[in-house]
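# Close look at the chain arrangement
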Amino acid sequence: AEEKSTDFGYFVLSHLWPATSCRQSRHCCPTNACCRGSNAPTEFTIHGLWPNYNDGTWPACCTKKSFDEKEVSTLLGALEKYWPTYGCFPYITCDGSNGSFWAHEWEKHGTCSSPVVWDEYNYFLTTLNLYFKYNVTRILNEEGYVASNTEKYPLGGIISAIQNSFHATPWLVCNHGAIDELRLCFYKDFKPRDCPTESTQNDRVSSGSCPDYVSLPLYVPL
Ligand code: 5GP
Ligand code: 5GP
């Protein structure tokens, strides 16, 4: 089982669209970031960096290294801003106890990223650096795909905008016609690669949860 963590095939950097993620959890704010009102982000935020096998499955909970906030104390400002929590309840960590979103992502995915990513600090720093380097919100905004409660955008146009800038095909996940997640895929040396498509992804077709026209909704002020 320990070998498993070293032979994953690639990384998925998963971004959340805040208003879609918050749709199910507005009722429990302000314990999460869904109630920031006019300060609410209209930018994709980070879900996690996930090592995946080439067959579309992925390892989870590879070591017993539990999350220690002290190890990322210098990153907390960035994590609060760019990696906020939208869920309502504590996240389940690998030992079955309640933890934060960060604890959940580090323990479930980060601990399986060795040796490319070797500790908790490096996991969060690497993820933040990828997020800033490939600013998917800026890429979409520059092509006119901006947060809106009225517009719908062609899925193919959004995928093309990412392809033209990132030089690889993203993977979009939708919920009720709204973009919920935008995922970028990387080789283990962090060079961009296409996300898996039908032939390599066993559980769902890449971007297959999205209709032909998708929305990027805004927060509705409470
Ligand atoms: P979590 O936030 O618990 O890591 O994942 C939330 C959802 O994202 C899961 O229910 C699952 O559908 C999907 N997911 C989580 N990790 C992975 C992964 O490593 N690869 C893929 N393809 N999907 C994942
Ligand atoms: P999924 O079904 O994809 O795992 O998660 C759907 C939404 O629920 C995500 O946007 C995420 O913010 C939230 N979520 C996922 N897993 C957990 C969890 O373990 N605890 C909490 N509180 N929220 C979660």
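The structure displayed is predicted, hence computed values, not measured ones.

A few words now on the state of the cysteines. Summed over the entire model, instances satisfying the criterion amount to six disulfides. Paired through a disulfide, Cys-174 and Cys-210 show a sulfur-sulfur distance of 2.0 Å. Residues Cys-174 and Cys-210 share a disulfide whose torsion about the S-S bond is about 95°; that sign makes it right-handed. With Cys-174 in strand β6 (residues 171-175) and Cys-210 in the loop between β8 (192-193) and β9 (213-214), this pair connects stretches of sequence that are 36 residues apart. When sorted by exposure, Cys-174 lands in the same class as Cys-210, which is buried. The disulfide partner of Cys-185 is Cys-195, and the gap between their sulfur atoms is 2.1 Å. Where Cys-185 bonds to Cys-195 through sulfur, the torsion about that S-S bond is close to 105°, and the disulfide is right-handed. One end of the pair, Cys-185, is in strand β7 (residues 178-186); the other, Cys-195, is in the loop between β8 and β9, and ten residues separate them in sequence. Classification of Cys-195 by relative accessible area gives buried; the value is 3%.

By nearness alone, every residue bordering ligand 2 is listed as Ser-21, Gly-87, Cys-88, Phe-89, Pro-90, Tyr-91 and Ile-92. The separation between a nitrogen atom of ligand 2 and a polar main-chain atom of Phe-89 is 2.4 Å. At 3.3 Å from a nitrogen atom of ligand 2 is found a side-chain nitrogen or oxygen belonging to Tyr-91. Relative to its unbound accessible area of 490 Å², ligand 2 is 54% covered by the protein chains. Considered class by class, the residues forming the shell around ligand 2 number five nonpolar, two polar and no charged.

Take the site of ligand 1 next. The immediate surroundings of ligand 1 are formed by twelve residues, with His-47, Asn-52, His-104, Glu-105 and His-109 found nearest. Within the side chain of His-47, one N or O atom sits 2.5 Å away from an oxygen atom of ligand 1. At 2.7 Å from an oxygen atom of ligand 1 is found a side-chain nitrogen or oxygen belonging to His-104. A total of 500 Å² of accessible area belongs to ligand 1 in isolation, and the protein chains cover 76% of it. In the shell around ligand 1, the residues fall into three nonpolar, five polar and four charged.

Considering the arrangement of structural elements, one finds Glu-120 in helix α4 (residues 120-133). Excluding residues that lie within four positions of it along the chain, Glu-120 makes contacts with Ser-66, Phe-67, Asp-68, Glu-69, Glu-71, Val-72 and Trp-106.

As a further point, take the pairing of β7. The buried count for β7 comes to nine of nine residues, which makes it a mostly enclosed element. Here β6 pairs with β7 via five bridges, running antiparallel. By the bridge assignment, Asn-175 is partnered in β7 with Ala-178. Hairpin remark: β6 followed by β7, antiparallel, with two residues in the connecting loop; positive phi at His-176, about 50°. As defined by bridge partners, β7 adjoins β8 across two bridges and the pair is classed as antiparallel. Bridged to Cys-185 within β8 is Arg-193. Turn length for the β7-β8 hairpin, with the two strands adjacent in sequence and antiparallel, is five residues, and the turn residue Phe-190 shows positive phi of about 70°.

Enumeration according to the criterion identifies 16 aromatic pairs in this entry. Pairing Tyr-123 with Phe-124 gives two aromatic rings, centres 5.2 Å apart and planes at 85°, and the pair type is edge-to-face. By relative accessible area, Tyr-123 is classed as buried at 0%. Note on Tyr-134 and Phe-186: the rings are 5.5 Å apart at their centroids and 50° apart in plane angle, and the pair reads as tilted. Residue Tyr-134 is located in the loop between α4 and α5 (136-142), and its partner Phe-186 is located in strand β7; the two are separated by 52 residues in the primary sequence. An identical accessibility class is assigned to Tyr-134 and Phe-186; each is buried.

Conventions used here
- Every chain begins its residue count from 1, and numbering advances along the sequence as written.
- Chain letters and ligand numbers both follow the written order, the letters beginning at A and the numbers at 1.
- Selection of residues for local features in this predicted model requires a pLDDT of at least 70, selection of side-chain atom pairs for listing and counting requires 80 or more, and totals for whole chains, interfaces and linings are taken over all residues.
- The side-chain numbers reported here are obtained from all heavy atoms of the structure, hydrogens and water having been left aside.
- Cysteine sulfur atoms are paired as a disulfide whenever they fall within 2.5 Å.
- A helix here means a DSSP run of H or I that spans at least four residues, while a strand means a run of E at least two residues long, and both kinds are numbered starting from the N terminus.
- Remark: exposure states derive from per-residue accessible area (1.4 Å probe, protein chains only) relative to the maximum for the residue type, with buried under 20%, exposed over 50%, and partly exposed in between.
- A molecule or strand has a residue near it when one of that residue's heavy atoms lies within 4 Å.
- Whenever two N or O atoms come within 3.5 Å, that pair is a polar contact, provided that in protein one can donate a hydrogen and the other can accept it, and provided that, for residues adjacent in sequence, both atoms are side-chain atoms.
- In these tables, accessible area is a Shrake-Rupley quantity obtained with a 1.4 Å probe, and a residue counts as shielded only by the protein chains included in the view.
- Amino acids are sorted into nonpolar (Ala, Val, Leu, Ile, Met, Phe, Trp, Tyr, Cys and Pro), charged (Asp, Glu, Lys and Arg) and polar (every other residue, Gly among them).
- When checking whether two residues touch, look at their non-hydrogen atoms; a contact exists if any pair is within 4.5 Å.
- DSSP-based pairing: two strands are paired if at least 2 bridges between them are found.
- A pair of aromatic rings is counted whenever rings of Phe, Tyr or Trp (Trp by its six-membered ring) have centres within 6.5 Å, and the orientation is called stacked for planes under 30 degrees apart, edge-to-face for over 60 and tilted otherwise.

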